[in-house]
Amino acid sequence: MPEERGGSPRTLAEALRARDDEELAALLRARPDLLSPVPNDVTQLATRAGTRASVVRALERLDRFALQTAEALAVAPDPAPYGTLLALMAGDDGDADVEAALPDALEVLRRQALVWGGDDRLRLVRTARELLAPSPTRPSPTGLGPSVTEATAGMSPGRLQEIVAAAGLPTTHDPVSAVASLTALFTDRTRMATLLDTAPSDALAVLDRLVWGPPYGEVAADPTPPVRWLRDRGLLLPASARTVVLPREVALHLRAGRAHRVPEPVPPAVTPAAEYGPQAVDSAAAGQAYTALTTVEDLLKDWHEGGPPVLRAGGLAVRDLKRTAAALDTSEQLAAFWIELAYAAGLLASDAEADERYAPTPAYDEWLERPTAERWGELAVAWLTATRTPGLVGSQDAKGRTLSVLGPDLDRSAAVEVRRRVLELAAELPHGTAPAPESLLSRLRWERPLRAEAAGSTKDLRARVAAWTLSEAELLGVTGRGALSAHGRALLGGEGAGDDGTLAGRRARAVTSLAPLLPEPLDHVLLQADLTAVAPGPLDRPLAETLAVLAEIESKGGATVYRFTPGSVRRALDAGMAASDVHAFLAAHSRTPVPQPLSYLVDDVARRHGHLRIGAASAYVRCDDDALLGEILADKRSQGLGLRRLGPTVLAAQSDPGTLLEGLRAMGYAPAAESTEGDVVITRAHARRTPPRTPPAPVPEGPPVPDGTLLGAAVKAIRAGDMAAGVVRKPATDDDRPQAGELPRTSSAETLATVQAAALTGSAVWIGYVNAEGAASQRVIAPVRVEGGFVTAFDHTADEVRTYPLHRITGVAELADDV
């Protein structure tokens, strides 16, 4: 049993007032909602800590055993000694694990101001007792029903005496003593055992069905003999005309004193699913990290000239998601993840134009120029801190609307906490060990049981987010083969991480850990005689970009295969490359000789490229070769272009230049567009960018956890407010003795004279003050200067120097000498 605390307080406010500053700061850190706004004094802090919303939030953050402890206190007498609580948790036979864990669980409840009082008088805050105690409409989470006193309230004295007599007890003269006699019987293990030994077997079967809850049962107008036997002796008491309830004391006897069927003092262990070498895990994670980068690049290249339109309600249309998934050669669910990841990292946004579309942001171009590991670090941090959950895409909200990618309703504030906790639990295993997913989910349910039970087992959002976290971490390269990698551990930080504890420090540490594991970009390819080029690894960015223009990507994987076609070579020539430039590029970047068929392909396309010139008339075709123009006119495929000869070297067309250009290319020619000056038009892909955009801000789950500076200032303000509320002023006369906490009332002249005197003597005074919003408060100030209708003073309540208009001070009083 933990050490007894002396001098039990009478109220929660007294208990909080007795805490030191560190304990108050711990309370505010555990329950940050109490700081919104900072309480004026301890009394207001205690009042706020007992409100329903705040207590519900605190209960939701308790682990299974701490919650079971609170549930046991809710059915225990109020107040309850520690021994009673221990008996409810460990039962008559005792439990070593429960006895060892109970002091820590009780300390958690005390630290969060859910329990107060010494170990001889433990009290659960009233709101928590109301939430956890049994009632006719809501059984206790323990499955226990009302006590004998509660169940017999309103019962006639005659009926009580009949029950007492049937139970073999002497009759009494009043209902109170009759209830006390019954309670004493039901809590006496020996006498209860003797009474139950006389019960019919069918009656014991009825008790077995009710003992672990729910404790209520329906009975007919004419009960069966077993039920009648139990009801006559008070082992079942009437809850309504057709309902009986098992009294709490009887249930506890049948349970051997335990409030819970299965106490869970020890958290479920996270068990390993597989073990690998640390190097194998890190290498697999690094390879997947590089794949993640290329996937995001492919996505944004696909949207380079402007992505799909934004739906009127926000988000991406299903058909656009399917098209993007096909372009990335992946499933729609994974495509949704990559799109949301790019959006969370600030690389993708809507352009906010009249015809609103999605497009890469300027930050994308900056991101591309950074080293590979740093680019991964940005994606990993964006994923770790994002509240948007792409796993919800395709499901329906409460109104039956389908949730879309990039839509407005994908934020779930619990995602950040669950995602980080899953990785932290994985980090507890040795490096190279992959956790079993079900053991992770069991541990999460133990740590936050109320949140898991609130949504039901089939719709538990926390379990779904945890499952998504495991798959997303593998996709992103935070884990490898299911085990947390070295750079994933660095991203989490913690003891021995070697960073400064900030998110930026952890990211830098992860980047440093990942960089040596990433493959070095190559500056060469292997040209083959079948008009293909094989890149045996990742390529330098300039090489990859040029090769993507000159050839078509045929397949991806460990090695990327590019295929040269007449169309791809013509595309390079359209982009401004000459045949000599293409030959030089291939010779410079190939580790194998340039195959003759590829050289012939380049020369053949270059020889025909630009021989025909197309410009705007509506459109025209110009060529020095009269025979070639005659060949075009004679070709039946050109009839749809509306061509006619204007001169020996010019054809006019009814089509626009773009249609004419594509039409002749489809016929096998290689025309080039020309400008109004007659120069060849160089065509390059147009890069569409949004205006500068900031990444989406995560939606916090409740108030943020305060830092040390805010906690220190808040504790000082609460202490100063307590001093101001309880300060005793010096009475002007023997009859002038106001109660502590009343606002002082003095005339303007008296107020001015008192603060001037305090400024001269350097003493503190007590004032009443009404701010511009009309809120009144009490403050203890030490005036420094009084001039121009203002008082400049050190405010002990706010722990800073402030200036107060004299006309807003309701009154002033000197402090008593002993304060």
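Conventions we followed
Residues numbered from 1 in each chain as written. Predicted model: local features only at pLDDT ≥ 70, side-chain atom pairs only at ≥ 80, totals over all residues. Heavy atoms only, no water. Pairing = 2+ DSSP bridges. Helix = DSSP H or I, 4+ residues; strand = E, 2+ residues; numbered from the N terminus. Axes fitted to C-alpha atoms, helices over the stretch in contact; angles between N-to-C directions. Buried < 20%, exposed > 50% of the residue type's maximum accessible area, 1.4 Å probe, protein only. Contact = heavy atoms within 4.5 Å. Expected span 1.5 Å × (residues − 1). pLDDT = per-residue confidence, 0-100. Salt bridge = Lys/Arg side-chain N within 4 Å of Asp/Glu carboxyl O. Polar contact = N/O pair within 3.5 Å; in protein donor to acceptor, adjacent residues only side chain to side chain. Core = buried A, V, L, I, M, F, W, Y, C linked by side-chain atoms within 4.5 Å.

**Quick notes on the sheet that holds strand 14 (residues 552-555)**
1) Next: Taken together, four strands build an open sheet; the order of strands is 12-13-15-14 and the sheet is antiparallel. In this open sheet, the two edge strands, each paired with only one partner strand, are strand 12 (526-528) and strand 14. Ignoring which end each strand starts from, the neighbouring axes of this sheet average 30° apart.
2) Next: Direction of pairing for strand 14 relative to strand 15 (residues 560-563): antiparallel, over a ladder of three bridges. Bridging from a neighbouring strand, Ile553 pairs with Tyr562 of strand 15.

**Here we look at the side chain of His253**
1) Next: Mapped onto the elements, His253 comes out in helix 15 (residues 248-254).
2) Next: Residue class for His253 comes out buried when judged on its relative accessible area of 14%.
3) Next: Contacts of His253, omitting those with residues within four sequence positions, involve Phe186, Arg189, Met192, Ala193 and Leu196.

**Focus on the environment of Ala66**
1) Next: If you trace the backbone, Ala66 turns up in helix 5 (residues 64-75).
2) Next: Assessed through its relative accessible area of 2%, Ala66 is described here as buried.
3) Next: Among all residues touching Ala66, those that are not within four sequence positions of it are Ala105 and Leu109.

**Things to note about the environment of Leu254**
1) Next: Here Leu254 lies in helix 15.
2) Next: For Leu254, a relative accessible area of 30% corresponds to the partly exposed category.
3) Next: When sequence neighbours within four positions are dropped, the list of residues in contact with Leu254 reads Leu196, Leu207 and Val211.

**A few points about unusual backbone geometry**
1) Next: Following Asp78, the chain continues to Pro79 via a peptide bond in cis, the omega torsion being 0°.
2) Next: The omega torsion across Gly213 and Pro214 is -5°, close enough to zero to call that bond cis.
3) Next: Note on placement: Pro214 falls in the loop between helix 13 (201-210) and strand 3 (216-218).
4) Next: Positive phi values are uncommon outside glycine, yet Leu531 reaches one of about 65°.
5) Next: One can find Leu531 in the loop between strand 12 and strand 13 (532-535).

**A look at helix 24 (residues 461-476)**
1) Next: With 16 residues, helix 24 extends 22 Å between its outermost C-alpha atoms, agreeing within 8% with the 22 Å of an ideal straight helix rising 1.5 Å per residue.
2) Next: Those residues of helix 24 not exposed but buried are Arg462, Ala463, Val465, Ala466, Trp468, Thr469, Glu472, Ala473, Leu475 and Leu476.
3) Next: Looking at the residues trailing helix 24, positive phi occurs at Gly477, about 90°.

**Considering the sheet that holds strand 4 (residues 237-240)**
Two pairing modes exist for strands in a sheet, parallel and antiparallel, and in both the strands are linked by backbone hydrogen bonds.
1) Next: What the three strands build is an open sheet, ordered 3-5-4; its pairing is antiparallel. Unpaired on one side and paired on the other, strand 3 and strand 4 mark the two borders of the sheet. The average angle at which neighbouring strand axes cross in this sheet is 40°, direction not considered.
2) Next: Bridge count for strand 3 against strand 5 (residues 243-245) is three bridges, and the pairing is antiparallel. In the strand pairing of strand 5, Gly217 is matched with Val244.

**So, the confidence of the model for the chain**
1) Next: Averaged over the chain, the pLDDT score is 86; the fraction of residues at 70 or greater is 92%.
2) Next: With pLDDT under 50 throughout, residues 1-6 is counted as low confidence; its partners more than four residues away or in other chains account for 13 contacts.
3) Next: This stretch, residues 732-738, has a pLDDT under 50; its non-local contacts, to residues over four places away or in other chains, come to four contacts.

**Quick word on the pattern of salt bridges**
1) Next: Counted by the stated rule, this structure contains 39 salt bridges.
2) Next: Notably, a salt bridge pairs Arg123 with Asp78, separated by 3.7 Å at the nearest N-O pair. Taken together, the residues span a long stretch of sequence, with Arg123 in strand 2 (residues 123-124) and Asp78 in the loop between helix 5 and helix 6 (82-90) at a distance of 45 residues.
3) Next: A residue is classified by how much of its surface remains accessible, and Asp78, at 41% relative accessible area, is partly exposed.
4) Next: Put simply, Asp92 and Arg189 hold a salt bridge, and the shortest N to O gap is 2.7 Å. Placement of the pair is Asp92 in the loop between helix 6 and helix 7 (96-111) and Arg189 in helix 12 (residues 189-197), with a sequence separation of 97 residues.
5) Next: We classify Asp92 as partly exposed; its relative accessible area is 44%.
6) Next: In this structure Arg189 comes out as partly exposed when scored by relative accessible area, which is 32%.
7) Next: By sharing partners, the salt bridges in this structure join Arg420, Arg421, Glu424, Arg443 and Glu447 into a single network.

**Section: the side chain of Arg388**
1) Next: Note that Arg388 resides in the loop between helix 20 (372-385) and helix 21 (415-427).
2) Next: Judged by relative accessible area, which is 9%, Arg388 ranks as buried.
3) Next: Looking at Arg388, its side chain comes within polar contact range of the main-chain oxygen of Gly407, at 2.7 Å.

**Points about the nonpolar core**
1) Next: Counting 91 residues, the largest nonpolar core has Leu28, Leu235 and Leu236 as its most contacted members.
2) Next: Ranked by the residues each element gives to this core, the list is headed by helix 5, at eight residues.
3) Next: Filtering out sequence-adjacent residues up to four positions away, Leu235 remains in contact with Phe186, Met192, Leu195, Leu196, Leu207, Trp229, Leu230, Val245, Leu246, Pro247 and Val250.
4) Next: Grouped together as the second largest cluster of nonpolar side chains are 71 residues, Ala336, Leu348, Val418 and Leu441 included.

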